[in-house]
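This is what each chain is made of:
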Amino acid sequence: MSTSSIERTNAIAPAVAKFLATPLHKSFVGGRWVEAADGQAFDVLDPGSGEKIATVTSLKKADVDKAVDIAVDAFHNSGWAKMQVAERAACLHRIADAVEARKAEFATVEALDCGKIYDQALGDVQNFIDTFRYFADLSQAVNYRQVIAVKNHEAWVSRQAWGACGFIIPWNFPFLLAGWGLAPALAAGNTCVLKPAEDTPLSALYLCHVIQELELLPNGVLNVVTGLGETAGAAVSQNPKFRRMSFTGSPEVGRMVAEAAGRNLIPVKCELGGKGAAVIFNDVDVQETAEKLVQAITFHSGQVCCDATRWLIQRDIYDDLVDECITRMKSVQIGYQMDGSSQMGPLVNSKQRSRVLSYLQKGVADGADLILEGGAAEIPGKKGFYVKPALLAGSLNNVAAREEIFGPVAFIAPFASEEEGIRLANDTDYGLGNSVWSKDLQRCARVAEAFISGNGWINAHNVIVHGVPYGGVGKSGMGGGVVSPDTLNDYLRPISVVRPLK
Ligand code: NAD
């Protein structure tokens, strides 16, 4: 480890410091630490300092294929798939216990790796724990042998694990999303190969260290393969030995993964990007609504797929609400993610910062007004990838109103009637999360149900609850979503058993 922000930060526990000091972080396959056959590796940076915090092995297709073979073998031979459901659930609870006991360690790794404000990283770790406990408990309530009453036949549906499942996840919520993917698959008795994003592989690897140290899973049940998207990610998506695939990330890569899995006839779940709208009516408490909208768009620096990035405001409160939002956005404390006074940290990398800044330019070139100018932010002593929040206004046909920016940038526009608010919200290729804001709850229910999206929220945004399906439609996803009983069912293969009666 170089002399970096890590060493200057008091919050680093010795176990985390030791983990980060590992000269080469290897992939975890079959219960062992493995390196790419060609010896190649890539660097991982702290987005807040811009400095290197880890070097990670960069697996290629042959390395990934070996990991999949091991996951397939573990499915058949480790005993995991055939284990009593309650026993498997106990394993998941033990993983949750182990993460809970080291919550601060996991949050530190996550915050340093993806630039997330430390308290938000703590929230993600808690979410991972909750996800493991939720699916552990749910797996014990499933009817694994469901009798079907039909004339002249004895019939039932038996639910079995599928086999080895592949997961490719992005950098914005690395640990939380690992939990959303792995927990239902494991609870159902499958084995897993997870490919984290190359910017943020560390929390998944830290999890493997804990699982190995405490012997929480049979070898080969959970495998983490590190590497670049176009090599290791592509290898996961193309492997024909998986039985289920799950991808979370951009629509562009999602299409490639879905095509590759489709060629092998492997069912694939895609959780993709978004361009969510908040439809705000004139009876809201303007200050409270401004506070919540600004919190949502600055949360994790706007790198949230389901964020409200189009604020549609009923005309008669437009000026007041916009003024309130601008005041709050200007006062957001931008700073290093481990600094307790920071409210908004950096973007994940310099490419993402260039992307966000370029959308401000493209939006203006396409006719938008930049009513809060945003731009790069300088944090004394840090060379990280910071930007200020920005607001654009104008026609919703503007490029910045149509394409996902993935930063603390909102596009605002007025509307007159309920009908127009709904029409503008739905005028997008995406369909992940929209919200409606009004004191009139009947109107809220009407508008929420009229959204063409996977999720419709009332007087709040980004509301994700275990037990409630969360997924996208259109360019935001396909294949069923996450965190609900449906998700567990997706990881159970149904087989109909029928015997004619004489
Ligand atoms: P990305 O699509 O660039 O990368 C996601 C993952 O795919 C990474 O692990 C990457 O290594 C891998 N990858 C890249 N190229 C690949 C290829 N050719 N084949 C296979 N895998 C490949 O996305 P990102 O920039 O990491 O994440 C941001 C995107 O994720 C945004 O669009 C965001 O909206 C979306 N997202 C969606 C959800 C959801 O639940 N809907 C959640 C989080 C993020």
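Computed from a predicted structure; not experimentally measured.

Student: Quick question: what am I supposed to make of the overall build of the protein chain here?
Tutor: For the protein chain, the count of helices and strands is 17 helices and 20 strands. Along the longest, intermediate and shortest principal axes, the C-alpha atoms of the protein chain span 70 × 70 × 40 Å. Considering the protein chain as a whole, with its 502 residues, one finds that 58% of them fall into the buried category. Within the protein chain, counting contacts between residues at least 6 apart in sequence, those at least 24 apart form 73% of the total. For the protein chain, the computed accessible surface area is about 20000 Å², with 51% contributed by carbon and sulfur atoms. Between the averaged position of the 47 positive side-chain charges in the protein chain and that of its 55 negative side-chain charges there is a distance of 8 Å.

Student: How should I be thinking about the nonpolar core in this particular structure?
Tutor: Ranked by internal contacts, the top residues of the largest apolar core, which has 104 residues, are Ile280 and Trp311. The element that contributes the greatest number of residues to this core is helix α7 (residues 174-187), accounting for 10 residues. Other than its neighbours up to four places away in sequence, Trp311 contacts Ala278, Ile280, Leu293, Val294, Ile297, Cys325, Met329, Leu391, Ala410, Phe411, Ile412 and Ala413. Counting 29 residues, the second largest nonpolar core, distinct from the first, contains Ala277, Leu392, Ile405 and Leu424.

Student: Can you walk me through the site of the ligand in this structure?
Tutor: Taken together, 28 residues are adjacent to the ligand, and Lys195, Glu198, Ser250, Leu272 and Glu404 come closest. Within the side chain of Lys195, an N or O atom sits 2.7 Å from an oxygen atom of the ligand. One of the backbone N or O atoms of Ala234 is found 3.5 Å from a nitrogen atom in the ligand. Along the lines of polarity and charge, the residues of the shell around the ligand split into 17 nonpolar, 7 polar and 4 charged.

Student: Whenever I open this one, a nonpolar patch on the surface confuses me. Can you help?
Tutor: A contiguous nonpolar surface patch, about 210 Å² in accessible area, is contributed by Val463, Val465 and Val468. Inspection of the secondary structure assignment puts Val468 in the loop between β18 (455-458) and β19 (477-478).

Student: Which parts of the structure should I look at to understand the pairing of strand β5 (residues 145-150)?
Tutor: Along any regular strand the residues' side chains alternate between the sheet's two faces. Where β5 meets strand β6 (residues 153-161), 6 bridges bridge the pair, whose relative direction is antiparallel. Within β6, the position partnered with Ala149 by the bridge is Glu154. Linking β5 back to β6 in an antiparallel pair, the connection comprises 2 residues, with Asn152 at a positive phi of about 65°.

Scoring rules and cut-offs
- Residues numbered from 1 in each chain as written.
- Predicted model: local features only at pLDDT ≥ 70, side-chain atom pairs only at ≥ 80, totals over all residues.
- Heavy atoms only, no water.
- Helix = DSSP H or I, 4+ residues; strand = E, 2+ residues; numbered from the N terminus.
- Buried < 20%, exposed > 50% of the residue type's maximum accessible area, 1.4 Å probe, protein only.
- Contact = heavy atoms within 4.5 Å.
- Areas by Shrake-Rupley, 256 points an atom, 1.4 Å probe, with all protein chains shown as cover.
- Lys, Arg positive; Asp, Glu negative; His and termini not counted.
- Charge placed at Lys NZ, Arg CZ, Asp CG, Glu CD.
- Core = buried A, V, L, I, M, F, W, Y, C linked by side-chain atoms within 4.5 Å.
- Near = heavy atom within 4 Å.
- Polar contact = N/O pair within 3.5 Å; in protein donor to acceptor, adjacent residues only side chain to side chain.
- Nonpolar A, V, L, I, M, F, W, Y, C, P; charged D, E, K, R; others polar.
- Patch = residues over 30% accessible without salt bridge, like charges linked within 9 Å, V, L, I, M, F, W, Y side chains within 5 Å.
- Salt bridge = Lys/Arg side-chain N within 4 Å of Asp/Glu carboxyl O.
- Pairing = 2+ DSSP bridges.

These figures capture arrangement, not role.
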